Amino acid sequence: MLIENDTPNIMVLGAQLTNPYTVTNMQAAFATLALEDPEFCDNSFNVRTTHYYVKFKPQNEDDVEAIIDDSTLILYDYPLDRKIVNNGNYYKDPTLSESTPNYRYACVPYGYTFPNVQYDIIANLYIPEEDPLLVYDDDSELDICVDKLVYEALSITGNLDSFNIVEPDTNAPEPLFSRRSKWNPSGIIRFHDNTLVPPSTTEKVGWKGLEGVKVRVRRWFTTREALTDANGYYFINEKFRRDVNYSIKWERQNFQLNLATVGQLYFEGPKQTGAWVLNIGPGLANMISTVHMAAMDYYYKYYYVNLSSPPLNTFWTPRLNIGIYYEYNSDANGDCRPWARTFGLYNVIRIYRPNRKAHEIYGTAIHKLAHYSHWNIAGASTYNNASGKLRDSWCRLVQWIFANKRYKNYYGLANFDHYFGWQSYNLSSSSAVSSMHDGYTPVFIDLVDNWNQYTENGNSAYFVTDPISGFTAKDVEDALPDCESLNSIKAKLDQLNKTSSTDLYNLFEFYNNI
């Protein structure tokens, strides 16, 4: 399946389906089978409530966090007993205001202890495939009985998927209940990275597996999940007999991706039997994939670059909301607003300008995550009082390190150097001077790299003199607490004795004077 040139598109729901798994309908199905055969399956079934189909009605972010933090819940923003007319990539209940959290739908087992959040029990369910009293192997006699019961419930409620149900063989000496073989959902999620590496026009990324994507398969109220590996491959370790609804929910435990301010992002795949392979070309889903990759790297691979993770989702702190804005913004590629975390429902990070190279969008996302990490490391007061040159120069270092790690090391692009570490910045360029004046200097990159701009550019006075190397990004990160200016962090870095105090002073003074 190829998706390309997709845009923001709200999911549209259709008709209400008659629920085959209600206790009432399962009892009716069992009664029909028992009427045909009074000894049906030796009366193995105790049709009763095994699960509840529920609608959570959160009123605020505390309520949302209470249900999100319950790892036993598999939550949906949309009801599970409605036809989906238009798949879309997000859903917002039309009866709710923009500032009110979406309802969340879930299937919970009988005896579940509900959090202190408003909820409605939509239906009492009997799910024979998950009945704890029924223990059986695939294709055993009891397995056949379960399938017959489900088949009958689907039939009497008008929910047979005709293209996936094998009807009884009426030409056999005795009609037999014929069934499809069970199968494990699996597949690959890939996206197209359009990064080209200058000066070569042939060294490029192309199609790459997307790691850490939460893939879901659902058959009515039974959902199973798997995460894609480094190659984008996933495998659901449970077998299904009929078709399933494939989907992606763009979230992990520590972050979720939202479409601007309107709702959490999904990708609704096909309803089918067999593997689902998704190739994500240009469009909204590609921008989402790139930001997802950045968040995955910083949250789950930070140790590869010896840095700290951004703030985690804990009892005291909410999951990070990252907003994807599929629009041009004349002022910024994105921003980070740590104060929005306090209110929970707002996007802390916002990413704009989709029509860029993937490494540029990736770099923006890492840059904003580095702000969020800085806010957590230094504390709100110190971060808020810190100069732009300190904050954004730190973020440029992190952006450069992560982007080079991914593109040069993971993807093997030997000539890749993210924006060349902004080593071309010099005083003769008005745009470079303006950018550095606004805070975006490569001062911390200069501490880490082996490139002396002054000597590499013919001893030009327009370029900074940078004979320094040997510092690490971790050195800079460890120095962030209590620092609000370049001078204050320079004093702490000087104590590491990794270069002469004069060279360090001259380097920082060059950027301080811009």
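## Describing the sheet that holds strand S3 (residues 51-56)
Strands sit in the order S5-S3-S6 across an open sheet of 3 strands; the sheet is antiparallel. Because the sheet does not close on itself, it has two edges, and the strands there are strand S5 (104-109) and strand S6 (119-125). Taken over all neighbouring pairs, the strand axes of this sheet differ in orientation by 25 degrees on average, direction set aside. Pairing geometry for S3 and S5, over 6 bridges, is antiparallel. Paired with Lys55 across the two strands is Tyr105, which belongs to S5.

## Brief notes about the side chain of Asn452
Summarising the element assignment, Asn452 is placed in the loop between helix H9 (443-448) and helix H10 (453-456). By relative accessible area, which is 14% here, Asn452 ends up buried. Side-chain polar atoms of Asn452 contact the backbone nitrogen of Tyr454, separated by 3.1 Å. Contact partners of Asn452, with chain neighbours within four places excluded, come to Val464, Thr465, Asp466 and Pro467.

## Concerning the state of the cysteines
This structure, assessed with the given rule, holds 1 disulfide. Here Cys336 stays free of any disulfide, with the sulfur of Cys395 as its closest cysteine sulfur at 7.9 Å. You can call Cys336 buried: its relative accessible area is 15%.

## A few points about a negative patch on the surface
On the surface, Glu36, Asp37, Glu39, Asp42 and Glu141 cluster together into a patch of negative charge. Structurally, Glu39 is set in the loop between helix H1 (23-36) and S3. Given the relative accessible area of 51%, Glu39 is considered exposed.

## Thoughts on unusual backbone geometry
The backbone of Asn306 shows a phi angle near 60 degrees, a positive value even though the residue is not glycine. Mapped onto the elements, Asn306 comes out in the loop between helix H4 (284-300) and strand S17 (320-324). At Arg353, a position not held by glycine, the phi torsion is positive, near 60 degrees. Its place among the elements puts Arg353 in the loop between strand S19 (349-351) and helix H5 (358-378). Judged by relative accessible area, Arg353 falls into the buried class, the value being 18%.

## Here's the deal with the packing of helix H12 (residues 486-494) against helix H13 (residues 501-512)
The relative placement of two packed helices comes down to the angle between their axes together with the axis-to-axis distance. One way to put it is that H12 packs onto H13 with a least axis distance of 11 Å and a crossing angle of 165 degrees. By the criterion of interaxial angle, the relationship of H12 to H13 is roughly antiparallel. Note that H12 runs across H13; the crossing there is right-handed. Contacts between H12 and H13 involve Leu486, Asn487, Ile489, Lys490, Leu493 and Asp494 from the first element and Ser501, Leu504, Tyr505, Phe508, Tyr511 and Asn512 from the second. Looking at the contact of H12 with H13 residue by residue, the classes come out as 7 nonpolar, 3 polar and 2 charged.

## Structural notes on the packing of H4 against helix H7 (residues 388-410)
Between H4 and H7, the least distance of the axes is 11 Å, while the angle of their chain directions is 100 degrees. Accordingly, the angle class assigned to the pair H4 and H7 is roughly perpendicular. Residues Met293, Asp297 and Tyr298 of H4 touch H7, and the partners they reach there are Trp394, Val398, Phe402, Arg406 and Tyr407. In the contact of H4 with H7, the residues fall into 6 nonpolar, no polar and 2 charged.

## Concerning the sheet that holds strand S18 (residues 334-336)
With mixed pairing, the 5 strands of this open sheet are ordered in space as S14-S13-S17-S19-S18. What marks the edges here is a single partner per strand, and that holds for strand S14 (263-264) and S18. Where S18 lies against S19, 3 bridges are found, and the strand directions are antiparallel. Looking at S19, one finds that Cys336 is bridged to Ile349.

## Some thoughts on the packing of aromatic side chains
Any two aromatic rings considered together are summarised by their centre-to-centre distance and by the angle between their planes. Applying the stated criterion to the full structure yields 32 aromatic pairs. Measuring from ring centre to ring centre gives 5.5 Å for Tyr76 and Tyr78, while their planes differ by 70 degrees; the resulting arrangement is edge-to-face. In this structure, Tyr76 and Tyr78 share a single accessibility class: buried. Seen from their ring centres, Tyr299 and Tyr300 are 6.3 Å apart, and the 45 degrees between their planes marks the pair as tilted. Assessed through its relative accessible area of 2%, Tyr299 is described here as buried. Assessed through its relative accessible area of 22%, Tyr300 is described here as partly exposed.

The rules behind these values
- Residues numbered from 1 in each chain as written.
- Predicted model: local features only at pLDDT ≥ 70, side-chain atom pairs only at ≥ 80, totals over all residues.
- Heavy atoms only, no water.
- Pairing = 2+ DSSP bridges.
- Helix = DSSP H or I, 4+ residues; strand = E, 2+ residues; numbered from the N terminus.
- Axes fitted to C-alpha atoms, helices over the stretch in contact; angles between N-to-C directions.
- Buried < 20%, exposed > 50% of the residue type's maximum accessible area, 1.4 Å probe, protein only.
- Polar contact = N/O pair within 3.5 Å; in protein donor to acceptor, adjacent residues only side chain to side chain.
- Contact = heavy atoms within 4.5 Å.
- Disulfide = S-S within 2.5 Å.
- Patch = residues over 30% accessible without salt bridge, like charges linked within 9 Å, V, L, I, M, F, W, Y side chains within 5 Å.
- Areas by Shrake-Rupley, 256 points an atom, 1.4 Å probe, with all protein chains shown as cover.
- Salt bridge = Lys/Arg side-chain N within 4 Å of Asp/Glu carboxyl O.
- Lys, Arg positive; Asp, Glu negative; His and termini not counted.
- Charge placed at Lys NZ, Arg CZ, Asp CG, Glu CD.
- Parallel < 35°, antiparallel > 145°, perpendicular 65-115°, else oblique.
- Left-handed = near helix turned anticlockwise from the far one by under 90°.
- Nonpolar A, V, L, I, M, F, W, Y, C, P; charged D, E, K, R; others polar.
- Phe/Tyr/Trp six-rings, centres within 6.5 Å; stacked < 30°, edge-to-face > 60°.

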